[in-house]
Amino acid sequence: MLEVKGLNKSFGGLHAIRDVDFSLPEGEIRGLIGPNGSGKSTFFNLLSGVYPVDSGTVEVNGKDLTNAEPHEVAGAGIARTFQLLRMFTEMTVLENVMIGYHNHVQYGPLAGVFGFGRVGREEKIIRREMMEVLAFIGLEDFADIPASELSIGQRRLLALGRAMAMKPRLLLLDEPAAGLSPVNVDHIMAIIVRMKEKFGLTVVIVEHILKVVMETCDRVSVLDHGVKIAEGLPQEVRDDEAVVEAYLGREMDDEEVKRAIHA
Amino acid sequence: MQNFISGIAGFFTRLKSIHPLLPWGIALVVLLPLPQFTVNNYQVYLINFICIMIILATGLNIVKGFAGQVTVGHVALYAIGAYTSAVLSTKFGMPFYVNLPVSILAAMIAGVLVGIPSFRLEGAYLALATLAFAQAVEVYIRVTNYLGAASGIGGIKAPEFFGYSLRKYDDYFYLVMPIMLAAVYASFAILRSATGRAFMAVREDPISAASMGINVRRYKLIAFVMSAFYAGLAGSLYAHMLPGYVHPNNFTVIEMVTVLLMVVLGGIGNIWGGVIGAIIVTIVADITREYYFYQLLLFGAVIVGTVLFMPKGIGGIIDRYFVNRRFIAAREETAEVKRGIVGGSPDESSG
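Worth saying up front: this structure is predicted, and the values here are computed from it rather than measured.

Examining helix α12 (residues 271-287) of chain B
Residues and elements named next belong to chain B.
Now for step 1: Here α12 spans 25 Å end to end across 17 residues, near enough to the 24 Å set by a 1.5 Å rise per residue.
Now for step 2: Turning to α12, its buried residues are I271, G273, G274, V275, G277, A278, V281, T282, A285 and D286.
Now for step 3: For α12, the N-terminal capping position is held by N270, with its side-chain oxygen 3.3 Å away from the main-chain nitrogen of W272.

Next up, the structure:
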């Protein structure tokens, strides 16, 4: 499904992604974890075309998407969500989801003028289909409310809905449960799993909450300082020495600690 | 007042359900006898000029209001439309029905040029780049003898159809008013389709829009070229209107501020607001024409005041009356769709 080989990206002197290989079979839910600043979001931005890559290749279903424009990546069936949500706050919830459907709209940009009958009919179908998406994520009662009036939890759901409306095959979720209470975290994870099963998706989840990743994901990859330091089943990764070190830091000798404190 | 406005809204909704073009046909019929109610020729001229300004403001609303691109180059496109018509008419003796499409085409090509900086620039920087373009066009006209330089081009022939010349303002009204209605209708039709949604998505968050499959550059360019279409149309209609005279003073940054005021006062991204803004600003500008320099002070102050105290403009205030009604209608429609879904497969809608 997704093949990434030798990916590199630097911002000035900071080598944010270093020779990352990443291979994802179809139908898997992959967790991507790592401490703050380890390059998880950068990795997503490289995949989705927001940043150009320095070197390396990105391939999806045998199609080369290295340095493709974001809309081309979306057109290839890859949907992503953002850690900071990036809702269209002045548009309604329904309109937000309809934007996701944009690539599947049949009529042309100027068809509204002459083909009003056709556009009207298709808009009705789109509206119905998008209401089904909203029903799936449980926001159907908020369809005509501006997205700015939703709570954080509802916005996280809407982000999933927008991605779902794109009818993707690969879903890249950047911290889909950030800022949520434990109950809501479970709720949103359940929806992600249901979405994956219903549409036969392949999913990559970036997440800070380790418990969530361990419970939901089939396999887990770990990034630290832009390098992939581990990959495998959740159990294996949790017990991996390098991972523990990256997350908790090296245990210091007593003397070293003393010296640091008294310096 | 509230009942009155929402009553009108309900009436139009019912008309639209019969046929989408019906309200527009009725508007056309209602507006047709307008010149009969005027006291003198000057008022008819003013009405014609208002129609042209509505076209211009509607075009600016597409690129600025919907696509969110801050352009100051719109007046240059208007000038290009007007001067193309003027040159074709006076130097080549071309008739109106040739000049109009050629002027629109010229403005659209220029619209691409104005739009290209928007790929990289945003906000005030884009405004500066487009301002430079507007100034360049104005100065070029002022110093080029072929374009009449500082004395303008006169003697542009009035449009002629089947041997009948629209030389009177009353006659011209029957050309410019239907075109204005068609232009406003077209902007409604396009902006209420997926294209309008894409424009708004580009305005609100280009990165998010792109990652959802919208080709941001393409839609920015479509917005610029569409608005250029309107500007070229308005320019050509202006050039051919009596007295058939164009002058660089009609296409300065000051005119740009005036058009901007129409859009801002009417409500950015609100089509009816832009129309109302165009009517109000054109009339006020005409009344205060004697106090030319104070006029600018007034316009500038109104722009600042509107942005500070009425950010959604007049259209926003009217919308407040409409919204309740639209919300109720939308809720009903939503509920209906929901019933369909729940009835069809209950397991999908739970959770």
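Topic: the pairing of strand β9 (residues 219-224) of chain A
Along a regular strand, successive side chains alternate from one face of the sheet to the other.
All names here are of chain A.
Now for step 1: A large share of β9 lies buried, amounting to five of its six residues.
Now for step 2: Where strand β3 (residues 29-33) and β9 come together, four bridges link them in parallel fashion. Looking across to β9, one finds that R30 is bridged to R219.
Now for step 3: The sheet contact formed by β9 and strand β10 (residues 227-232) spans five bridges and is antiparallel. Across the sheet, residue L223 finds its bridge partner in β10, namely K228.

Focus on the environment of A:G120
All names here are of chain A.
Now for step 1: As for its placement among the helices and strands, G120 is situated in helix α5 (residues 116-137).
Now for step 2: Judged by its relative accessible area of 36%, G120 falls in the partly exposed class.
Now for step 3: For the pair formed by G120 and V203, sequence separation is 83 residues and the distance between their alpha carbons is 35 Å.

Some remarks on the layout of surface pockets
Now for step 1: Considering only enclosed or pocket space, the second largest pocket measures out at about 570 Å³ in volume.
Now for step 2: Of all the secondary-structure elements, those providing two or more residues to the lining of the second largest pocket are α2 (70-75) of chain A together with α9 (206-211) and α10 (216-240) of chain B.
Now for step 3: Among the residues forming the lining of the second largest pocket, the class breakdown is twelve nonpolar, five polar and five charged.

With respect to the domain arrangement of chain A
Accessible area lost during the coming together of the parts is what is often quoted as the interface size.
Residues and elements named next belong to chain A.
Now for step 1: Under the domain assignment used here, chain A contains domain 1 (2-87 + 160-262) and domain 2 (90-149).
Now for step 2: Each partner contributes to the interface: domain 1 provides 15 residues, whereas domain 2 provides twelve residues.
Now for step 3: The tally of links between domain 1 and domain 2 comes to one salt bridge.
Now for step 4: Two residues, K167 and E129, come together in a salt bridge whose shortest N-O distance is 3.1 Å.
Now for step 5: At the surface where domain 1 touches domain 2, the tally comes to three residue pairs in polar contact (both at pLDDT 80 or more).
Now for step 6: At five residues, the largest contribution of residues to the side of domain 1 that touches domain 2 is made by helix α6 (residues 152-165).
Now for step 7: Its residues assigned to classes, the side of domain 1 that touches domain 2 shows eight nonpolar, three polar and four charged.

Thoughts on the packing of aromatic side chains
Now for step 1: A complete count under the given rule lists 19 aromatic pairs over all chains for this structure.
Now for step 2: An aromatic cluster of three or more residues is present, and its members are B:Y42, B:Y45, B:F49, B:Y78, B:Y83, B:Y169, B:Y238 and B:F251.
Now for step 3: Cation over ring: A:R30 sits above A:F22, and NZ or CZ is 5.1 Å from the ring centre.
Now for step 4: A cation sits over an aromatic face here: A:R194 above A:F136, 5.0 Å from the ring centre.

Overview of empty space enclosed by the protein
Now for step 1: In this structure the tally under the stated criterion is two cavities of 30 Å³ or more.
Now for step 2: By volume, the largest cavity is sized at about 60 Å³.
Now for step 3: Around the largest cavity sit A:R80, A:T81, A:F82, A:L85, A:M87, A:A159, A:R162, A:A163, B:S208, B:S211 and B:M212, which together line it.
Now for step 4: Those elements that place two or more of their residues in the lining of the largest cavity are α6 of chain A together with α9 of chain B.
Now for step 5: For the lining of the largest cavity, the residue count by class is six nonpolar, three polar and two charged.
Now for step 6: The space that makes up the second largest cavity amounts to roughly 30 Å³.
Now for step 7: A:S48, A:P70, A:V73, A:A74, A:I78, A:A79, A:R80, A:L172 and B:S211 are the residues that line the second largest cavity.
Now for step 8: Those elements that provide at least two residues to the lining of the second largest cavity are α2 and β6 (78-80) of chain A.
Now for step 9: Partitioning the lining of the second largest cavity into residue classes produces six nonpolar, two polar and one charged.

The rules behind these values
- Residues numbered from 1 in each chain as written.
- Chains lettered and ligands numbered in written order.
- Predicted model: local features only at pLDDT ≥ 70, side-chain atom pairs only at ≥ 80, totals over all residues.
- Heavy atoms only, no water.
- Helix = DSSP H or I, 4+ residues; strand = E, 2+ residues; numbered from the N terminus.
- Expected span 1.5 Å × (residues − 1).
- Buried < 20%, exposed > 50% of the residue type's maximum accessible area, 1.4 Å probe, protein only.
- Polar contact = N/O pair within 3.5 Å; in protein donor to acceptor, adjacent residues only side chain to side chain.
- Pairing = 2+ DSSP bridges.
- 1 Å grid on protein atoms, 1.4 Å probe; cavity = no way out; pocket = protein on both sides within 12 Å on 5 of 7 lines; lining within 4 Å.
- Points joined across faces, edges and corners; volume = space filled by probe spheres on them.
- Nonpolar A, V, L, I, M, F, W, Y, C, P; charged D, E, K, R; others polar.
- Domains from an automatic or database assignment.
- Contact = heavy atoms within 4.5 Å.
- Salt bridge = Lys/Arg side-chain N within 4 Å of Asp/Glu carboxyl O.
- Phe/Tyr/Trp six-rings, centres within 6.5 Å; stacked < 30°, edge-to-face > 60°.
- Lys NZ or Arg CZ within 6 Å of the ring centre and 35° of its normal.

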